[in-house]
Amino acid sequence: MTSPFKNAAELEKHQKQLQGQKQLPSTIAVCTSGCVAYGANRLVDAFTKAVKSRKIGDQVRIIATGCQGFCERGPLVVVHPQEWFYEKVDGKDINDILDSALKGKVLKRLLHKDAKGKTYQKESEVPFYRNQKRLLLAQNSRIDPCSIDDYLRAGGYAALAKALTKMAPEEVIEQITASGLRGRGGGGFPAGVKWKSCRAAASKNGVRYIICNADEGDPGAFMDRALIEGNPHSVIEGMIIGAWAVGHPGKPQGFVYIRNEYPLAVERLGIALEQARAAGLLGKNILGSGLNFDIQVNRGGGAFVCGESTALMASIEGDVGRPRAKHIHTVEVGLNGKPSNLNNVETWANVPLIIDHGVKWFTKIGTGDVSDNPWGGSKGTKIFALVGKVKNTGLVEVPMGATLREIIYDIGGGIRDGKKFKAVQTGGPSGGCLPESKLDVPVDFDTLVQEGSMMGSGGMIVMDEDTCMVDVAKYFVGFLKFESCGNCTSCRDGLIRLHELLEDITTGRGSEATIQLIEDLAETVRASSLCALGTSAVNPLQSTLRYFRDEYLAHVQDQRCPAKVCKELITFTIDAKKCNGCTLCAKRCPQDTIEGKKKKPYTIIQDNCIKCGICMDVCQQDAVIVQ
Amino acid sequence: MTAAKTIDPKRIDRVLARHPQGKPTALVNLLHDLQAEFRYLPELAMEKAASYLNVPNGQLFRVATFYESFHLKPRGKHIATVCTGTACHVRGAPKLTDHISREFEIPVGGTTKNMELTLETVNCVGACALGPLLILDGEYHGNMSPAKLDRTLKTIKRG
Ligand SMILES: Cc1cc2nc3c(=O)[nH]c(=O)nc-3n(C[C@H](O)[C@H](O)[C@H](O)COP(=O)(O)O)c2cc1C
Ligand code: SF4
Ligand code: SF4
Ligand code: SF4
Ligand code: FES
Ligand code: FES
């Protein structure tokens, strides 16, 4: 970085300079997001050391990136400029990778192979990536998130320069409205409409808050984390454009409310903000436009409800996160009583793309028609965390309107371990579970709601025949029972009672009357809770009752858990024909309740069995069966 | 643990100084930093923080007890965190919490009597692809099972 950019021309000049500069012959990009669970940090250290000791720092650059997408195959390494995609990289592969990069010859043994044995060299050719449309995640395996120059080189902050020098704030709002961009945090509210009302709201001293919701509370999702860890400047750029559109010429102030459980995201966001300040992209008179704006980071406290707009603002104010009634919207009276514009991370990250490429480009992607109504369709792409029982778990970005089948089968590769698909859960704790018959449903805001689920922020959890849908419903109700802020009786006590009733079913104490009771109570909770946590809490429950009623009935009529998950309804036994008497299970059983003689079939004494499943895990003969 | 008794006020002051005085918007950030320093929130630190931010003691305690992240009691030497997010749940996370609870005779949130181990849960740390996930003292262990847990937790003293 040089000195702060005084105007757009200086920014552009620097950008041109960067783009003209000769790059090192090789850049090796290592994912250090979730891949750290596979030891990716040690990989980066080892690479860095090897580059140093082999004195090849003038030829190879090592960068630590955010999630590159195909997490299932981590740790991932991509070698640029050839875009060679290496999977399951181990410390032992480092020197081979460096050699191959130096020689310009691909290292075949680490390439991705599909089920038929075909190998793929480039990241974009791998089926998992080929079937996606990666716009927001395009840079995730290319740039060093801790380098603003990498972002600038890739064309970053050009949208900001354009907005600040060539567009009036109102014009930016018009463009965002016309693009049909809808909030990615769950609700799908048109961003432009929100911006417009926030700009119009009265503020005595001109203060307006521009807030980014990075709380990512959905307990099975990591899209926002990937954006912040992988490309933090794209979110910051979106927010600065937002500040111009919503708050200029007043006193816009920025906040990012971020989950503390994402330490790497907090760190990289902090670094990126520092760099943006040093470059004059935050602070006073940004690019000579007269815009004054800075962003402060507030960490969350691990409360799901704080993702809700009014609770989030209370939390930033330094209080407990309890939602309030929204007769008066937060765009008018929000944080510290001032007009506040809250958008999700992914919403913000879309903004520079739209300003850069234009409304026409953006509206070509997605469903519906938004030309005279921003609610008329779902435009752009959506990132999903595709997880659970699917073969290719990871982060995927698809155009709105892609079908569930395309996502789960073409990209996700179908169900793992040869099992059968049962359901897919979208929308997190406020969403629902859809069965196989809905796999051809296009994924957009409105269709998912019609089918009893919702888009949510992008969690997509695939479930197979071994997943018990009653247990899943109980899981979400249990989660929300714990996360309820306790304000409303219906939500606080209703969820506790619903959880008890579900517990009755999963332990074999339920009857058909229990199901009836659950249905009635669920309606009450939906109808009489204050915030969306309560009103949508019963979605997982109601959608499983709608589509998987037979599973509930099996639990209450036959005291049977078809997926063999509910402990009280299953038994572990040993198949005498398969058991070779190796003693392994008996040694590991925490209850000492497996008996037998060496080399003879063992048996489980049921009275003491706590159904921990360890015997099944350790048996090499598949002799332990669960019924 | 001895640290619980002897809290050096200077350590508290150093953390406080990193935040703007009298600004409640710094409150949650400040609690995080205090907890990072002491691994829990000692009473003295809470009182000092309240007067530093110029908010009532009650507000600080209300906040500290509302949010899942904060601990008002000292925690064990080792912290085993089981991810109980949705993806980890459907891949068997409950078996992990059950197993640790039983083996170490502590509930979720509890600490063993010898102060060796605290069992906690978290909702998704963004490594769902590797679920179910155990985080032991900050280190991620993917594709866990009760059988594998025994090995991972082997060095931790029971009691
Ligand atoms: C209980 C609850 C939790 C929420 N959690 C989040 C969250 O983690 N992230 C998020 O962006 N939005 C979350 N939302 C939605 C926000 O309230 C808000 O609608 C959103 O951040 C607005 O941004 P958008 O229009 O760009 O989506 C949550 C809502 C509720 C009711
Ligand atoms: S619905 Fe639940 S979370 Fe929302 S305000 Fe009421 S009690 Fe709190
Ligand atoms: S399920 Fe657990 S307790 Fe029961 S026999 Fe197997 S190892 Fe022992
Ligand atoms: S581990 Fe399997 S094969 Fe060995 S004794 Fe147990 S049931 Fe038999
Ligand atoms: S976490 Fe490494 S690829 Fe997703
Ligand atoms: S659900 Fe466990 S890491 Fe996401």
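Residues numbered from 1 in each chain as written. Chains lettered and ligands numbered in written order. Predicted model: local features only at pLDDT ≥ 70, side-chain atom pairs only at ≥ 80, totals over all residues. Heavy atoms only, no water.

1. Remarks on the overall build of chain A
No. 1: Of regular secondary structure, chain A possesses 24 helices and 21 strands.
No. 2: Expected size for 627 residues packed as a compact globule is a radius of gyration near 25 Å; at 26 Å, chain A falls within 12% of this value.
No. 3: Counting every position in chain A, which comprises 627 residues, the buried fraction comes to 61%.
No. 4: Accessible surface for chain A amounts to roughly 24100 Å². Of this, 50% is attributable to carbon and sulfur atoms. (Helix = DSSP H or I, 4+ residues; strand = E, 2+ residues; numbered from the N terminus. Rg over C-alpha atoms; globule rule 2.2 N^0.38 Å. Buried < 20%, exposed > 50% of the residue type's maximum accessible area, 1.4 Å probe, protein only. Areas by Shrake-Rupley, 256 points an atom, 1.4 Å probe, with all protein chains shown as cover.)

2. Side note on the overall build of chain B
No. 1: Along its length, chain B carries 7 helices and 4 strands.
No. 2: Each helix (α) and strand (β) of chain B, taken in turn from the N terminus, gives the series α-α-α-α-β-α-α-β-β-β-α.
No. 3: A principal-axis box enclosing the C-alpha atoms of chain B has dimensions of 50 × 30 × 20 Å.
No. 4: Contacts in chain B between residues far apart in sequence, at least 24 positions, make up 62% of those at least 6 positions apart. (Contact = heavy atoms within 4.5 Å.)

3. Observations concerning the interface of chain B and chain A
No. 1: At the junction of the two partners, chain B supplies 42 residues and chain A supplies 61 residues.
No. 2: Approximately 4000 Å² of surface area, both sides summed, lies buried where chain B meets chain A, with 54% of it carried by carbon and sulfur atoms.
No. 3: Area buried by chain B at its contact with chain A is led by B:Thr25, B:Phe66 and B:Thr86, which between them contribute 15% of it.
No. 4: Here chain B and chain A share 5 salt bridges between them. (Buried area = accessible area lost by both parts, 1.4 Å probe. Salt bridge = Lys/Arg side-chain N within 4 Å of Asp/Glu carboxyl O.)

4. So, the domain arrangement of chain A
All names here are of chain A.
No. 1: What the domain assignment lists for chain A is domain 1 (21-126), domain 2 (156-373), domain 3 (380-464), domain 4 (469-557) and domain 5 (571-626).
No. 2: Here the C-alpha centroids of domain 1 and domain 3 sit 29 Å apart.
No. 3: Each partner contributes residues to the interface: domain 1 has 5 residues there, and domain 3 has 7 residues.
No. 4: Across the domain 1 to domain 3 interface the summed buried area is about 420 Å²; carbon plus sulfur atoms make up 47%.
No. 5: The largest share of the area that domain 1 buries against domain 3 comes from Gly69, Phe70 and Glu72, three residues that together contribute 76% of it.
No. 6: Taken together, domain 1 and domain 3 are joined by 1 salt bridge.
No. 7: Among the ionic pairs, Arg416 bridges to Glu72, the shortest N-O distance being 2.8 Å. (Domains from an automatic or database assignment.)

5. Description of the pairing of strand E2 (residues 60-65) of chain A
No. 1: In the sheet, strand E1 (residues 26-31) of chain A pairs with E2(A) via 6 bridges, with the strands oriented parallel. Bridge pairing links A:Cys31 to A:Thr65 in E2(A). (Pairing = 2+ DSSP bridges.)

6. A short note on the site of ligand 4
No. 1: Close to ligand 4 lie A:Ile574, A:Cys579, A:Asn580, A:Gly581, A:Cys582, A:Thr583, A:Leu584, A:Cys585, A:Tyr602, A:Cys619, A:Gln621 and A:Ala623, which account for all nearby residues.
No. 2: Looking at the shell around ligand 4 residue by residue, the class counts come to 8 nonpolar, 4 polar and no charged. (Near = heavy atom within 4 Å. Nonpolar A, V, L, I, M, F, W, Y, C, P; charged D, E, K, R; others polar.)

7. Describing the packing of aromatic side chains
Residues and elements named next belong to chain A.
No. 1: For the structure shown, the criterion picks out 14 aromatic pairs over all chains.
No. 2: Considering the side-chain rings of Phe70 and Phe128, the 4.2 Å spacing of their centres and the 5° angle between planes classify their relative orientation as stacked. Of this pair, Phe70 sits in the loop between E2 and strand E3 (77-80) while Phe128 sits in helix H4 (residues 127-130), placing them 58 residues apart in sequence. No difference in accessibility class separates Phe70 from Phe128, as the two residues are buried.
No. 3: Consider the rings of Phe128 and Tyr129, whose centres lie 5.1 Å apart with planes at 90°: the pair is edge-to-face. The exposure classification of Phe128 matches that of Tyr129, with both residues buried. (Phe/Tyr/Trp six-rings, centres within 6.5 Å; stacked < 30°, edge-to-face > 60°.)

8. Describing the sheet that holds strand E8 (residues 251-258) of chain A
Residue and element names in this part refer to chain A.
No. 1: Spatial ordering of the open sheet is given by E9-E8-E7-E10, a layout of 4 strands whose pairing is parallel. Edge positions in the open sheet fall to strand E9 (295-299) and strand E10 (340-344), since each of these has one partner strand only. Between one strand axis and the next, the sheet turns through 20° on average, direction left out of account.
No. 2: Summarising the sheet, strand E7 (residues 207-214) and E8 pair through 8 bridges and their orientation is parallel. In the sheet register, Cys212 faces E8, and the bridge partner there is Val256.
No. 3: Across the sheet, helix H11 (residues 263-278) lies against E8 and E9, angled at about 170° from E9, the strand it touches most. (Axes fitted to C-alpha atoms, helices over the stretch in contact; angles between N-to-C directions.)

9. A look at the nonpolar core
No. 1: Ranked by size, the top nonpolar core spans 120 residues in total, and within it A:Tyr157, A:Val172, A:Trp195, A:Ile240 and A:Leu281 carry the most contacts.
No. 2: With 9 residues, helix H10 (residues 232-247) of chain A is the largest single contributor of residues to this core.
No. 3: In this structure A:Tyr157 touches A:Leu11, A:Ile148, A:Tyr151, A:Leu152, A:His233, A:Ile236, A:Glu237, A:Ile240, A:Ala276 and A:Leu281, once residues within four positions along its chain are discounted.
No. 4: By size, the runner-up hydrophobic cluster in this structure holds 70 residues, among which are A:Val207, A:Ala473, A:Leu502 and B:Val63. (Core = buried A, V, L, I, M, F, W, Y, C linked by side-chain atoms within 4.5 Å.)

10. Focus: unusual backbone geometry
No. 1: Of note, the bond from A:His80 into A:Pro81 is cis; its omega dihedral lies within 30 degrees of zero at 10°.
No. 2: Mapped onto the secondary structure, A:Pro81 falls in the loop between E3 and strand E4 (84-86).
No. 3: Cis geometry is found at the peptide bond from B:Gly131 to B:Pro132, where omega equals -5°.
No. 4: Positionally, B:Pro132 belongs in the loop between strand E2 (117-122) and strand E3 (134-136).

11. Some points on the site of ligand 3
No. 1: What surrounds ligand 3 is a group of 13 residues, the closest being A:Cys589, A:Cys609, A:Cys612, A:Gly613 and A:Cys615.
No. 2: Residues of the shell around ligand 3, tallied by class, amount to 9 nonpolar, 3 polar and 1 charged.

12. Observations regarding helix H3 (residues 94-103) of chain A
Residue and element names in this part refer to chain A.
No. 1: Every buried residue of H3 is listed here: Ile94, Ile97, Leu98, Ser100 and Ala101. The buried side chains of H3 occupy one side of the element, clustering within an arc of 165° when seen end-on.
No. 2: Positioned one or two residues after H3, Gly104 has a phi angle of 75°, which is positive. (Arc of directions from axis to C-beta.)

13. Some points on the pattern of salt bridges
Residue and element names in this part refer to chain A.
No. 1: Scanning the entire structure with this criterion turns up 42 salt bridges over all chains.
No. 2: A salt bridge links Arg109 to Asp93; the nearest nitrogen and oxygen atoms lie 2.9 Å apart. Taken together, the residues span a long stretch of sequence, with Arg109 in the loop between H3 and strand E5 (112-113) and Asp93 in the loop between E4 and H3 at a distance of 16 residues.
No. 3: Exposure remark for Arg109: the relative accessible area of 48% places this residue in the partly exposed category.
No. 4: Note that Asp150 and Arg153 form a salt bridge whose closest N and O atoms lie 3.0 Å from each other. Taken together, the residues Asp150 and Arg153, both in helix H5 (residues 148-153) and 3 residues apart, mark about one turn of the helix.
No. 5: Three or more residues are tied together by salt bridges with common partners; here these are Arg61, Asp150 and Arg153.

14. Things to note about the pairing of E9(A)
All names here are of chain A.
No. 1: Two strands pair when backbone bridges link them, and E8 and E9 are joined in this way by 5 bridges, in the parallel orientation. Note on E9: the bridge partner recorded for Ile258 is Arg299.
No. 2: Crossover connection from E8 via H11 to parallel E9: handedness right-handed. (Right-handed = clockwise from strand over helix to strand, strands pointing away.)

15. Re the domain arrangement of chain B
No. 1: According to the domain assignment, chain B contains domain 1 (7-66) and domain 2 (78-153).
No. 2: Using only C-alpha atoms to locate each centre, domain 1 of chain B and domain 2 of chain B end up separated by 29 Å.

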